[in-house]
Amino acid sequence: MFHYWFLSSCKSISYGSRVKFHTRMDLNQKRARSVDPDLVSPESTTSPFPDEVLEPVLSLIDSHKDRSSVSLVCKDWYHAERWSRRHVFIGNCYSVSPEIVAGRFPKIRSVTLKGKPRFSDFNLVPEDWGADVYPWLSVLAKAYPFLEELRLKRMAVSDDSLRFLATNFHEFKALSLLSCDGFSTDGLKAIATHCKNLTELDIQENGIDDIGGDWLSCFPESLTSLQVLNFASLNSEVSFNALEKLVARCKSLRVLKVNRNINLDQLQKLLLRAPQLTELGTGTFTQDLVTRPVADLETTFGYCKNLLTLSGLWDSNSLYLPVINPACASLTFLNLSCATLLSFELTMLLMNCKSLRRLWVLDTVGDRGLEAVGSWCPLLEELRVFPADPFEQEEVAGVTESGLVSVSRGCPNLHYVLYFCHQMTNAAVATVVQNCPGFTHFRLCIMNPGQPDYQTNEPMDEAFGAVVRTCPKLQRLAVSGLLTDLTFEYIGKYAKNLEILSVAFAGSSDLGLKYVLGGCPRLRKLEIRDCPFGNAALLSGLTKYESMRSLWMSACNLTMNGCRVLAKEMPRLNVEVMKDEDSEDSQAHKVYIYRTVAGPRRDAPPFVLTL
Amino acid sequence: MDLLSSRDLFIHINNFGYLMSVNVSMESSFQNNPNLTERNYLGLSDCSSVDSSNVPSISEVNKNSLNLKATELRLGLPGSQSPERDPESTLTSAEKLGEKPLFPLLPSIDGICSSSPKMVASGHKRIFTDVMDSCSQVKGLPEGNWLFSGSGSESDPSKSVAQGKLSSNSNVNGMMCSGDPPANGTTTNLSKVNTSNPPAAKAQVVGWPPVRSFRKNILATNSKNNGEVDGKPSSGALFVKVSMDGAPYLRKVDLRGYSTYQQLSSALEKMFTCFTIGPCGSQGGTGRENLSESKLRDLLHGSGYVLTYEDKDGDWMLVGDVPWDMFIGSCKRLKIMKGSDAIGLAPRATEKSKNRS
């Protein structure tokens, strides 16, 4: 007998494996109020929440996690939820088939789809692995011809797919491609040409074949709806004339991120056309020939009163950087990860950035620059320090533990850090988390694999022990440095809210992985490389994997037999092994395990074996 | 091959910017190990591998009259060895030239080095040393030799790598800091745990550090820094597979991430150590060392390993023959072969080198 819960309480329902529930539902069920008397209480026929009420109420819920909770309450709510859902989020494109999605949700207008494992960003996943968006598009075209938004991350997108998208979805509005590959600017031409109602074109960090910049000229004169245009990662020059006209006629444009070819003069013209921008990505921020005084550009920046985010700033230096000062006071996100600033340049800039919440910099700013962060940006919540030269061997350059400590002292609200450094100490990390106990994302990359605390020469176990003990809200953790099983014992024991864990070159034995799999109740994504974890460790997590999105293990001590045992015991997981040509048959070099209701992949390339 | 003559020949290939072998005490080492056989492809004494590994610590080596073995691959006559060099000058000239020891060949070479086992001590050296101590034969460490070669940096791995890097940037010695001979011995142990030393030379493992590719060349492409760092070609990564006899799986390396043979060697050393020694990844320091040493001893009696590559023509060549740029232009894949398998390669390498010179 089911009880009806108020909407607010449904959020606190903790549900079991969603996988089980989906497979049991009859996807062709009609939208009936009481379908199965066994499951629904007699009171349902006089439910205080008729569909007419339930659906509009549920339509206010956006979070997909909440919606999943809602759908598990009872059948009525399941149906009400599925009919009211407009946006579906699929974290792993192979966990479900497009047909199942289309069958369950009849009225979707926006799809977010993620494909390859995250380590594909670092070349650990072979090409042609999969995650092709085309099979999805062909199903979506039939099921949701009025689809408006598509956001893809780490999917294989071909030009044909983009053409298909542009021509089969007549209401299509927003396309976002992050870390995708397989397409060229020809595909973008199709989007620009055919999508009459385009509001968003967001191309980020993709493996794109940049054939030329004329795609931008394909936007018709009649297109005035653009709100977001981001082509910062493309290399070819676009027609500035076409761009300027586009910006001028799209009065609702709020996000504009141009590529490096756009120079300062051109930027100024664009800003004069679009002072309403909230997010700006500049092009190259220096020029040899100054055609207008720098003061002009500074004035123009002053017109942009709504600017919250600033990025790009390639090649910027102390001559031109000050032009952004008028906009600094209201900036909340400053992305300087393309600008090789030195410490004094950053300091001068940050003195004006009192409202900053998020800052991305290169480690060229050094510890001195980070001291400035601590001094001038008390509201800072997120800091990312990228290595300007990741393979830099010289230990002197870059940032050290003291930079991070200074930031933590000045920025008590800091909860997200991504920090690439050459050296770190246990004491420094302990200090950092004491200063900022609210960490939700702690990603530390000591760039030399297996490097101990450089002062004590001990492993970095205590550093991460301090992190997990002191930060109860920790959701994401990436560890590095010399780590023994003790680190994982700490993680398993204390990291109750941990959802994403990245491990590389760490651990001493199977125990390490066993600790994590035995603890961390909220773990969803686990990615491991080059660690001495073997079959026993893998199999100790048997029951856990169905509650996780995925597990990646590469260059560990897994064998095919171990993976086969796992596959046999857990039929609702796909246990995939990627084989290298010359690797021995018995070793499982790259293993990717994920829960799925779609069964084994049907599009797996020959080097991917599903056990 | 006439080993004795090879030892005397030292070819200093300055214009290619890569290190020619340094054969310091080939003779002595040779004498120490009369049963050295022509293991390496060049028919050189087995010191080559040791040589390369010792290069960074050439000074040390020389001091102890360890044969530096020329071994490493070099241009010129097979079996040619660099004449004994004064350690300081050797080091500096090597660095000056941006030369790095070429890949050491067989472990057997290490065996030759047994005359100065302690020397090898730093870092890998440490292992090497132990191995040497216990080994009276020429056969050397499988992973040691060619691993060591890269290590010139051993004593000061980061620095030497840095040097290598600088030199690669300038592309031809120019920037090589001459003054920084990796003098000290401590080392970088293969296990990366070095209780009292600077961290091990950074090996460029595929996908590490985890930086997205569009971020990798920011310094290189930033106009401000053009003068300093331009060594990174923006043409993208050049991944080649590296396989090792007996290893369960392949690895891949990005050749464009390195600028010298030494860096590549360090990287491969890190990567493949686990196959010869045991579990990958860092271990507790002492535990690992012990493990390494004992395992190494076990391996001593096996044959040594050589680093080879398959070039565009499909031929398997020994690594180190050609200038670095030429190498990455023609290398299709790498293979760490057993020394015995590699002997057949010698003639080809020789011929090719003969043609060149």
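Thresholds applied
- Counting restarts for each chain: residues are numbered from 1 in the order of the written sequence.
- Written order decides the labels, with chains lettered from A and ligands numbered from 1.
- The model is predicted, so local features are restricted to residues of pLDDT at least 70 and side-chain atom pairs to those at 80 or more, both for listing and for counting; the totals for chains, interfaces and linings are taken over all residues.
- As a convention, hydrogens and water are excluded, and side-chain values are obtained from all of the structure's heavy atoms.
- What counts as a helix is a DSSP run of H or I of at least four residues, what counts as a strand is a run of E of at least two, and both are numbered from the N terminus.
- For every residue, the accessible area obtained with a 1.4 Å probe (protein chains only) is divided by the maximum for its type, and the residue is called buried under 20%, exposed over 50%, and partly exposed between those limits.
- We call two residues in contact when some of their heavy atoms are within 4.5 Å.
- Every accessible area reported is derived by Shrake-Rupley at a probe size of 1.4 Å, with residue values counting cover from the shown protein chains alone.
- We call two strands paired when DSSP finds no fewer than two bridges between them.
- Angles run from 0 to 180 degrees between N-to-C directions of axes, and those axes are lines fitted to C-alpha atoms, restricted for helices to the stretch in contact.
- Centres within 6.5 Å are what make two rings of Phe, Tyr or Trp a pair, Trp counting through its six-membered ring; a difference in plane orientation under 30 degrees is then read as stacked, over 60 as edge-to-face, and the rest as tilted.
- Sitting over a ring, as applied to charges here, requires NZ of Lys or CZ of Arg to be within 6 Å of the ring centre and within 35 degrees of the ring normal.
- By convention in these notes, a salt bridge is any Lys or Arg side-chain nitrogen within 4 Å of a carboxyl oxygen on Asp or Glu.
- Three classes are used: nonpolar for Ala, Val, Leu, Ile, Met, Phe, Trp, Tyr, Cys and Pro, charged for Asp, Glu, Lys and Arg, and polar for all others, with Gly counted as polar.
- The pLDDT value expresses, per residue, how confident the predictor is, ranging between 0 and 100.
- Put simply, angles under 35 degrees are roughly parallel, angles over 145 are roughly antiparallel, angles from 65 to 115 are roughly perpendicular, and the rest are oblique.
- Two helices crossing with the near one rotated counterclockwise from the far one by less than a right angle form a left-handed crossing, whereas a clockwise rotation gives a right-handed crossing.

## Some words on the overall build of chain A
Stage number 1. Helix and strand counts for chain A stand at 22 helices and 23 strands.
Stage number 2. Every one of the 611 residues in chain A was classed for burial, and the buried ones make up 60%.
Stage number 3. Of the contacts made within chain A by residues no fewer than 6 positions apart, 71% connect residues no fewer than 24 positions apart.
Stage number 4. If you sum the accessible surface of chain A, you get close to 23000 Å²; carbon and sulfur atoms cover 52% of it.

## Comments concerning the sheet that holds strand β2 (residues 251-254) of chain B
All names here are of chain B.
Stage number 1. Strand order across the open sheet formed by 5 strands is β2-β1-β5-β3-β4, with mixed pairing between neighbours. Each edge of the open sheet is held by one strand with a lone partner, namely β2 and β4 (316-318). Along the sheet, successive strands turn relative to each other by an average axial angle of 35°, direction set aside.

## Overview of the packing of aromatic side chains
Residue and element names in this part refer to chain A.
Stage number 1. For the coordinates displayed, the defined rule picks out 22 aromatic pairs over all chains.
Stage number 2. Ring centres of W215 and F219 lie 6.5 Å apart, and the angle between their planes is 70°; on these two criteria the pair is classed as edge-to-face.
Stage number 3. Judged by relative accessible area, W215 falls into the buried class, the value being 1%.
Stage number 4. Look at F219 and you get buried, because its relative accessible area is 6%.
Stage number 5. Aromatic ring contacts, followed pair by pair, group Y94, F119, F122, W129, W552, Y592 and Y594 into a single cluster.
Stage number 6. Sitting over the ring of W129, R601 keeps its end group 4.5 Å from the ring centre.

## Looking at helix α7 (residues 134-143) of chain A
Stage number 1. When we look at burial in α7 of chain A, the residues that qualify are W136, L137, V139, L140 and A141 of chain A.
Stage number 2. At its buried positions, α7 of chain A is contacted by β1 (87-90), α6 (98-104), β2 (110-114), β3 (149-153) and α8 (159-168) of chain A.

## Focus on the pattern of salt bridges
All names here are of chain A.
Stage number 1. Going through the model one piece at a time under the given rule, you end up with 27 salt bridges over all chains.
Stage number 2. Here D121 and R154 are joined by a salt bridge, their closest N and O atoms 2.8 Å apart. Of this pair, D121 sits in the loop between β2 and α7 while R154 sits in the loop between β3 and α8; the two residues are 33 residues apart in sequence, bridging distant segments of the chain. With respect to burial, D121 and R154 carry one shared label: buried.
Stage number 3. Its salt-bridge partner being E244, residue R273 comes within 3.4 Å of it at the nearest N-O pair. Of the two residues, R273 is situated in helix α11 (residues 264-273) and E244 in helix α10 (residues 240-249); the sequence distance between them amounts to 29 residues.
Stage number 4. It is possible to trace a salt-bridge network through shared partners that takes in R67, E81, R85 and R104.

## Brief notes about the packing of helix α4 (residues 64-71) of chain A against helix α5 (residues 75-84) of chain A
The relative placement of two packed helices comes down to the angle between their axes together with the axis-to-axis distance.
Residue and element names in this part refer to chain A.
Stage number 1. Put simply, α4 and α5 touch, their axes get as near as 7 Å, and they point 145° apart. Where α4 approaches α5, its residues R67, V70 and S71 are matched on the opposing element by W77, Y78, E81 and S84.
Stage number 2. Split by residue class, the contact of α4 with α5 holds 3 nonpolar, 2 polar and 2 charged.

## Notes on the confidence of the model for chain A
Stage number 1. In the predicted model, chain A carries a mean pLDDT of 88, and 90% of its residues have values of at least 70.
Stage number 2. In this model, residues 1-35 of chain A is a region of pLDDT below 50 whose contacts with residues beyond four sequence positions or in other chains number 72 contacts.

## Re the packing of α11 of chain A against helix α12 (residues 294-303) of chain A
All names here are of chain A.
Stage number 1. One can describe the packing of α11 onto α12 by two numbers: an axis separation of 9 Å at closest approach and a directional angle of 30°. Considering their axes alone, α11 and α12 lie roughly parallel with respect to each other. As for how α11 packs across α12, the hand of that crossing is left-handed. Contact residues: L264, L267, Q268, L271 and L272 in α11; D296, L297, T300, F301 and Y303 in α12.
Stage number 2. Its residues placed into classes, the contact of α11 with α12 shows 7 nonpolar, 2 polar and 1 charged.

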